[in-house]
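# Architecture at a glance
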Amino acid sequence: MSLLQSTAYQIKNKIISREIKSVDLVSSLFTRIKHVENNIQAFIVTDEKKAIHDAIEIDKRIERGEEVGLLAGIPVAVKDNICTKSLPTTCASKILQNFIPPYDAFIVRRLKEEDAIIIGKTNLDEFAMGSSTENSGFKITRNPWNLECVPGGSSGGSASAVAADVAYMALGSDTGGSIRQPAALCGIVGVKPTYGRVSRYGLVAFGSSLDQIGPLTKDVRDAALLMQVIAGYDSCDSTSVKVPVPDYMEGIESDVKGLRIGIPKEYFATGLKSDVHTVIKDALKVYKRLGVEIIDISLPHTEYAVAVYYIVANAEASSNLARYDGVRYGYRSNNAQGVIDMYSKTRAEGFGNEVKRRIMLGNYALSSGYYDAYYLKASRVRTLIKNDFDAAFEKVDCIMSPTSPVPAFKIGERANNPLEMYLSDIYTIPANLAGIPGISIPCGFSKEHLPIGLQILAKHFEEKKLLQIAYAFERETDFHLKKPPLNVSSLQGA
Ligand code: GLN
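Residues numbered from 1 in each chain as written. Predicted model: local features only at pLDDT ≥ 70, side-chain atom pairs only at ≥ 80, totals over all residues. Heavy atoms only, no water.

As a further point, take the side chain of Asp-125. Among the structural elements, Asp-125 can be located in the loop between strand S3 (117-122) and helix H5 (156-163). The side chain of Asp-125 is buried and forms no salt bridge, while Lys-79, the nearest opposite charge, is found at 7.3 Å. A polar atom in the side chain of Asp-125 sits 2.9 Å from the backbone nitrogen of Thr-133. When sequence neighbours within four positions are dropped, the list of residues in contact with Asp-125 reads Cys-91, Gly-130, Ser-131, Ser-132, Thr-133, Glu-134, Asn-135, Ser-136, Gly-153 and Ser-154. (Helix = DSSP H or I, 4+ residues; strand = E, 2+ residues; numbered from the N terminus. Buried < 20%, exposed > 50% of the residue type's maximum accessible area, 1.4 Å probe, protein only. Lys, Arg positive; Asp, Glu negative; His and termini not counted. Salt bridge = Lys/Arg side-chain N within 4 Å of Asp/Glu carboxyl O. Polar contact = N/O pair within 3.5 Å; in protein donor to acceptor, adjacent residues only side chain to side chain. Contact = heavy atoms within 4.5 Å.)

This is how it looks when you write it as structure tokens:
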């Protein structure tokens with residue numbers, strides 16, 4: 001396996017032992033970015049100069065025998081809704097096109113403290129609203145497995161970059177599936193941590209009671225490594241929870257024998273594509289071979305999850321996005337007459353259609369006379385959905401399901417049908433509503449040779465267990481080692 005195809009964990013050891021230089025790695029990575037970026041369009045901005053500069057510094061420190069961080073010299077990409085002091089943070093929206101934040105997000109600071117090299121910011125659906133990255137205000141990211149297909153979304157740029165080996169790891173955000181679904185569609189690993197496990201300070205808010213930042217990586221070990229860096233309490237995020245961070249790498253090889261795995265019948269119903277179903281059944285056979293117990297369970301309120309999510313998330317979004325008014329930062333319309341006209345034109349010109357749709361739906365759900373019927377009712381049903389999980393976890397250690405009902409779909413196929421697009425997240429949304437952690441791991445391929453993801457869910461703060469369960473599968477299979485058919489061999493450094 002070539003250096004660019006290696007995992008972050010493997011590379012880190014080579015850098016620390018001085019077998020390779022971080023600067024050489026970063027240079028060949030940028031050569032590869034230049035070759036493949038035209039096809040995949042994963043980045044909104046890259047910063048080669050700074051990356052090279054940082055790599056040289058790391059190499060010098062290693063040469064001097066100094067201690068270096070957990071991500072020493074590893075090139076990492078960051079979703080462009082996470083604030084970076086030195087780089088623009090646009091949320092793929094025209095309204096923030098030239099915005100450079102005055103501070104780093106907590107997790108960006110953590111990356112820097114652990115000596116990661118931030119190579120650029122990745123494309124997303126505008127303000128993370130979407131499941132295909134087609135809602136970006138700037139460009140459409142493509143799936144490296146088939147350039148006519150979407151990479152999923154909204155962290156499509158991060159997923160595509162990791163799958164195409166132009167970033168060793170990436171960060172995304174997951175409000176209703178935006179880490180797990182693109183990870184599944186691009187054949188990589190994605191983790192949505194427990195609500196409160198990772199600080200959201202500096203993550204541009206979408207649905208504040210749902211948003212979480214998490215890793216997108218080439219394998220489970222790398223996900224554990226990145227979790228180690230980003231997890232932990234932060235007083236700047238009032239929803240951050242003060243519970244100790246375990247050592248995610250330690251004991252990752254633990255046996256899964258005797259583990260009880262719940263299979264929710266509601267997740268294997270209409271809408272699930274038959275080859276996805278077959279691949280998931282095969283994955284469960286691998287676990288059975290490892291000695292787990294498979295238990296049929298029910299999560300009876302699943303059918304309301306998508307509706308509840310689109311009320312809660314949009315209500316929160318309509319409030320969070322009120323701040324883009326052309327006054328404080330970002331785009332301002334320059335053909336307005338008076339302040340009210342300026343607000344309205346700024347927002348009309350700055351936001352894309354999906355964002356406007358959600359602001360309108362959210363404001364409607366919160367408006368007086370409708371609040372009880374929509375927002376309040378949705379909040380109550382949300383509790384029922386959470387209760388379903390609590391009851392299930394009394395009987396099982398984890399829950400398994402497909403991550404997405406379908407593999408990557410064609411660009412344009414769902415773009416004009418918001419409802420169909422919303423249904424892409426039917427299996428990922430409930431975990432956000434309940435606040436529990438989830439992981440998606442590559443577990444097979446469709447007939448068209450597109451990756452399929454297995455979702456594993458566990459109780460609050462049980463990320464360590466999730467990683468162990470996921471690793472048990474990875475060790476038995478080689479789906480995570482498969483590479484998309486981009487032309488790699490002719491590239492320098494590949
Ligand atoms: N696809 C979902 C939505 O459009 C989830 C997005 C996300 O997790 N950021 O709202």
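Moving on: the nonpolar core. Ranked by size, the top nonpolar core spans 145 residues in total, and within it Phe-127 and Ile-456 carry the most contacts. Setting aside chain neighbours within four positions, we find Ile-456 in contact with Tyr-287, Cys-398, Ile-399, Met-400, Pro-437, Gly-438, Ile-439, Ile-441, Leu-466, Ile-469 and Ala-470. Grouped together as the second largest cluster of nonpolar side chains are 11 residues, Trp-145, Cys-149, Val-150 and Met-421 included. (Core = buried A, V, L, I, M, F, W, Y, C linked by side-chain atoms within 4.5 Å.)

Taken together, 15 residues lie near the ligand, and Thr-175, Gly-176, Ser-178, Tyr-309 and Asp-425 sit nearest. Between the ligand and Tyr-310 there is a distance of 3.4 Å, counted from an oxygen atom to a side-chain nitrogen or oxygen. Asp-425 places a polar side-chain atom, nitrogen or oxygen, 2.5 Å from a nitrogen atom of the ligand. Taken together, the residues of the shell around the ligand sort by class into 5 nonpolar, 7 polar and 3 charged. (Near = heavy atom within 4 Å. Nonpolar A, V, L, I, M, F, W, Y, C, P; charged D, E, K, R; others polar.)

This part covers the packing of helix H1 (residues 8-16) against helix H7 (residues 220-230). Close contact between H1 and H7 brings their axes to 8 Å; oriented N to C, the two are set at 70°. By the criterion of interaxial angle, the relationship of H1 to H7 is roughly perpendicular. Residues Ala-8, Tyr-9 and Lys-12 of H1 pack against Arg-221, Asp-222 and Leu-225 of H7. Here the residues of the contact of H1 with H7 sort into 3 nonpolar, no polar and 3 charged. (Axes fitted to C-alpha atoms, helices over the stretch in contact; angles between N-to-C directions. Parallel < 35°, antiparallel > 145°, perpendicular 65-115°, else oblique.)

Evaluation of the coordinates by the stated rule reveals 18 aromatic pairs. Seen from their ring centres, Tyr-103 and Tyr-201 are 5.1 Å apart, and the 35° between their planes marks the pair as tilted. Highlighted residues: Tyr-103 in the loop between strand S2 (75-79) and helix H4 (106-113) and Tyr-201 in the loop between strand S5 (189-192) and strand S6 (212-217), separated in sequence by 98 residues. You can call Tyr-103 partly exposed: its relative accessible area is 31%. On the basis of relative accessibility, which here comes to 26%, the residue Tyr-201 falls in the partly exposed class. Residues Tyr-309 and Tyr-310 carry aromatic rings whose centres are separated by 4.7 Å and whose planes lie at 85° to one another, so their mutual orientation is edge-to-face. Aromatic rings pair up to connect Phe-99, Phe-127, Tyr-324, Tyr-329 and Phe-351 into one cluster. For the cation-ring pair, Arg-221 lies above Tyr-9, with the distance from its terminal atom to the ring centre recorded as 4.9 Å. (Phe/Tyr/Trp six-rings, centres within 6.5 Å; stacked < 30°, edge-to-face > 60°. Lys NZ or Arg CZ within 6 Å of the ring centre and 35° of its normal.)

Let's shift gears to the environment of Lys-395. Position of Lys-395 among the secondary structure elements: in helix H12 (residues 372-395). For Lys-395 and Cys-443, which are 48 residues apart along the polypeptide, the C-alpha to C-alpha distance reads 25 Å. With residues up to four places along the chain from it excluded, the contact list for Lys-395 reads Arg-260 and Ile-295.

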